[in-house]
Amino acid sequence: MLDEDEQINFCSHVVVCKYFHSQDRSYCRISFLFFSPGDRLCSNEDCIPGTGVYLRHGYIYSSLAGYVLRKNEGEELPVISVVRETETQLLPDIGAIVTCKVTSINPRFAKVHILYVGSTPLKDRFRGTIRKEDVRATEKDKVETYKSFRPGDIVLAKVISLGDVQSNYLLTTAENELGVVVAHSEAGAQMIPISWCEMQCPQTHAKEFRKVARVQPEYLEA
């Protein structure tokens, strides 16, 4: 149970993480403190009660054992809910290493679906963009997207911005450890990296350009 000051100041002091949810285009904050039924969360002047909570005498209380979720749904006040641990969703945050699958490319950027945060698979599908200028750290003006990625490639990237409705998550591969980790040749074989910018088909020995990642051991199984 929180003491009086912690309960009253919950909304301004406890919530620690802010995320953009690309599925419903809203912002949410997740508290990583665990709350029990009957714990007082905040005043109804600070938040609108959502699910897993109830209102009593001007204050919002938890009706579940779980974590607090505050979500901005376009109202003047955020909606506060309590969700069980099994319902919480790990979301990509700035600085997180994510595993993605390239879905399309054009001269300006590659579009991806984010599959993992670290080694944790995501329940929902989140979209990301790797812009031409974020592919590598040097000679950015010489980058050609089609020589860096192809649709179907599996890529390690880092989140650099939570983005907006149009661009979703912005990602970068401008580090040696980031880039393509799995790619298949036109013959359908999984290619082998032979340099930081080329992979080779083991069947036809044909070479293809990629922005190749120097994979660290902790990501090999992911």
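The structure presented is a predicted model; accordingly, all values stated were derived computationally and were not measured. (Residues numbered from 1 in each chain as written. Predicted model: local features only at pLDDT ≥ 70, side-chain atom pairs only at ≥ 80, totals over all residues. Heavy atoms only, no water.)

Undergrad: Is there a simple way to explain the pattern of salt bridges in this structure?
TA: Opposite charge on two side chains permits pairing when their charged atoms draw close. Following the criterion strictly, the structure yields nine salt bridges and no others. For the salt bridge of Arg136 with Glu139, the shortest nitrogen-to-oxygen distance reads 3.8 Å. With a relative accessible area of 45%, Glu139 lands in the partly exposed category. The closest approach of N and O atoms between Glu144 and Lys147, which form a salt bridge, is 3.4 Å. A relative accessible area of 33% means that Glu144 is categorised as partly exposed. (Salt bridge = Lys/Arg side-chain N within 4 Å of Asp/Glu carboxyl O. Buried < 20%, exposed > 50% of the residue type's maximum accessible area, 1.4 Å probe, protein only.)

Undergrad: For this particular structure, what's the right way to read the nonpolar core?
TA: Across soluble globular proteins, you tend to see nonpolar side chains buried next to one another. If you look at the biggest cluster of nonpolar residues, it comprises 28 residues, and the most contacted ones within it are Val98, Ile114, Phe149, Tyr169 and Leu171. When contributions to this core are tallied by element, the ones reaching two or more residues are strand S9 (97-105), strand S10 (109-117), strand S11 (120-131), strand S12 (154-161) and strand S13 (169-172). With four residues, the top contributor of residues to this core is S10. Those residues in contact with Ile114, other than ones at most four positions away along the chain, are Pro92, Val98, Thr99, Cys100, Leu122, Phe126, Arg127, Tyr169 and Leu171. Grouped together as the second largest cluster of nonpolar side chains are 10 residues, Leu41, Val53, Val68 and Val82 included. (Core = buried A, V, L, I, M, F, W, Y, C linked by side-chain atoms within 4.5 Å. Helix = DSSP H or I, 4+ residues; strand = E, 2+ residues; numbered from the N terminus. Contact = heavy atoms within 4.5 Å.)

Undergrad: Sorry if this is basic, but what is going on with the packing of aromatic side chains here?
TA: Aromatic rings considered in pairs are described by the distance between their centres and by the relative angle of their planes. Enumeration according to the criterion identifies two aromatic pairs in this entry. Ring centres of Tyr54 and Tyr61 lie 5.5 Å apart, and the angle between their planes is 15 degrees; on these two criteria the pair is classed as stacked. With a relative accessible area of 29%, Tyr54 lands in the partly exposed category. Residue class for Tyr61 comes out buried when judged on its relative accessible area of 15%. Geometry around Phe109 places Lys111 over its ring, the cationic atom sitting 5.2 Å from the centre. A cation over an aromatic ring shows up here: Lys147 above the ring of Phe209, its NZ or CZ 4.9 Å from the ring centre. (Phe/Tyr/Trp six-rings, centres within 6.5 Å; stacked < 30°, edge-to-face > 60°. Lys NZ or Arg CZ within 6 Å of the ring centre and 35° of its normal.)

Undergrad: Would you mind showing me how to read the sheet that holds strand S15 (residues 192-193) here?
TA: Hydrogen bonds between backbone groups are what pair the strands of a sheet, and the pairing can be parallel or antiparallel. The three strands are arranged S15-S16-S17 in an open sheet whose pairing can be described as antiparallel. The open sheet is flanked by S15 and strand S17 (207-209), the only strands paired with a single partner. As paired strands, strand S16 (residues 198-200) and S17 are joined by three bridges and run antiparallel to one another. Bridge pairing links Met199 to Glu208 in S17. (Pairing = 2+ DSSP bridges.)

Undergrad: Looking at this model, I keep getting lost on the pairing of S10. Mind explaining?
TA: It is a general feature of regular strands that their side chains alternate between the two faces of the sheet. Where S9 lies against S10, seven bridges are found, and the strand directions are antiparallel. Looking at the pairing, Val102 lines up with Val112 of S10. Linking two consecutive strands that pair antiparallel, namely S9 and S10, is a turn of three residues. Alignment of S10 against S11, held across eight bridges, turns out to be antiparallel. Note on S11: the bridge partner recorded for Tyr116 is Pro121. Connecting the antiparallel pair S10 and S11 is a turn made up of two residues, with Gly118 showing a positive phi of about 60 degrees.

What is shown is where atoms sit, not what they do.
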